[in-house]
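Structure assessment
Read off the chains here:
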Amino acid sequence: MKKEKVRYHVLFVPDKDKEAVKFSVSLEVLVIFFVAVVFVTIAALSYCFILTGELDQSNYQVLNLMGQMEELSEQNAAMQVENEELQEKVVILSDTVNGKVQKEQEREAEIAKSYIPTGFPMKGTASYSESETELDGNPIAVFHASPGMSVIATANGEVSSIAGDDTVGFIVMVNHGNGYYSVYRNGTKPKVKEGDAVTNTTALFDMETGHETLGYQIIENERFIDPLSLMETYG
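These numbers come from a predicted model, not from an experiment. (Residues numbered from 1 in each chain as written. Predicted model: local features only at pLDDT ≥ 70, side-chain atom pairs only at ≥ 80, totals over all residues. Heavy atoms only, no water.)

1. Points about the pattern of salt bridges
On inspection of all chains with the given rule, the structure shows three salt bridges. Here Asp206 makes a salt bridge to Lys191, at a shortest N to O gap of 2.9 Å. Within this pair, whereas Asp206 is found in strand β12 (residues 203–206), its partner Lys191 is found in the loop between β10 (180–186) and β11 (197–198), the two being separated by 15 residues in sequence. (Salt bridge = Lys/Arg side-chain N within 4 Å of Asp/Glu carboxyl O. Helix = DSSP H or I, 4+ residues; strand = E, 2+ residues; numbered from the N terminus.)

2. Comments concerning a negative patch on the surface
A surface patch of negative charge is lined by Glu82, Glu84, Glu85 and Glu88. Here Glu85 shows up in helix α1 (residues 27–113). Exposure remark for Glu85: the relative accessible area of 44% places this residue in the partly exposed category. (Patch = residues over 30% accessible without salt bridge, like charges linked within 9 Å, V, L, I, M, F, W, Y side chains within 5 Å. Areas by Shrake-Rupley, 256 points an atom, 1.4 Å probe, with all protein chains shown as cover. Lys, Arg positive; Asp, Glu negative; His and termini not counted. Charge placed at Lys NZ, Arg CZ, Asp CG, Glu CD. Buried < 20%, exposed > 50% of the residue type's maximum accessible area, 1.4 Å probe, protein only.)

3. Notes on the packing of aromatic side chains
Within the structure shown, the criterion is met by four aromatic pairs. Summarising the aromatic geometry, the rings of Phe33 and Phe34 are spaced 5.7 Å apart at their centres and angled 70 degrees between planes, so their arrangement reads as edge-to-face. You can call Phe34 partly exposed: its relative accessible area is 48%. Measuring from centroid to centroid gives 5.8 Å for Tyr128 and Phe143, while their planes differ by 50 degrees, and the two rings are tilted. (Phe/Tyr/Trp six-rings, centres within 6.5 Å; stacked < 30°, edge-to-face > 60°.)

4. A closer look at unusual backbone geometry
Among all residues except glycine, the phi angle is most often negative; among peptide bonds, the trans geometry is most common. Positive phi is not limited to glycine here, since Asp136 has a value of about 55 degrees. Of note in the backbone geometry, Glu222 takes a positive phi value of approximately 65 degrees without being a glycine. The topology assignment puts Glu222 in the loop between β13 (213–220) and β14 (223–225). We classify Glu222 as exposed; its relative accessible area is 80%.

Everything listed here is a matter of coordinates, which is why it stays silent on function.
Next up, the structure:
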């Protein structure tokens, strides 16, 4: 037998007979409506579940990042402390190096100064002759001392030449290696020879009776200058 399809309608009827029926809904529409509501509800719940999972994952990542940031902050603080310690060490090392450099510069300056003929050419006291200030047109300082007095080099250097003899007297020239030469004139035989290294305590002559006079000259850059202008102390 052929089955006939039966349709149902849902009517909304008012309590009072006088009121008219507002509207009617078929059962299929109602079922579709409820299915849609259920579907939307399930979809909303699913979305909330997914959103909650993502939110939990985001919170986990945030906590993880916060932990990493805290660890980095601790490492940064430790590096700052280490950097301060290194800076202190650098300052100490720099002061030490600067101190050593300064001492080395001072030492080099002292060494350089020791080669400038500023000393007094006699080991002891002597009188200076104010009337004898030139020799062959060049400046000279003439000193008179007692027999036995030593004539000494006025700075570090090397004996570059020795000239003369017992008849005319001897001339000892010392090269100080910086453009300066000191010249010593005396009738006594020199105690040094050419090529000898000398200091400001090296005896060049020991004055003897009859040879108590010293003629002293300075050459600066191949030009004779007044010895007294360079000498620090003299008598």
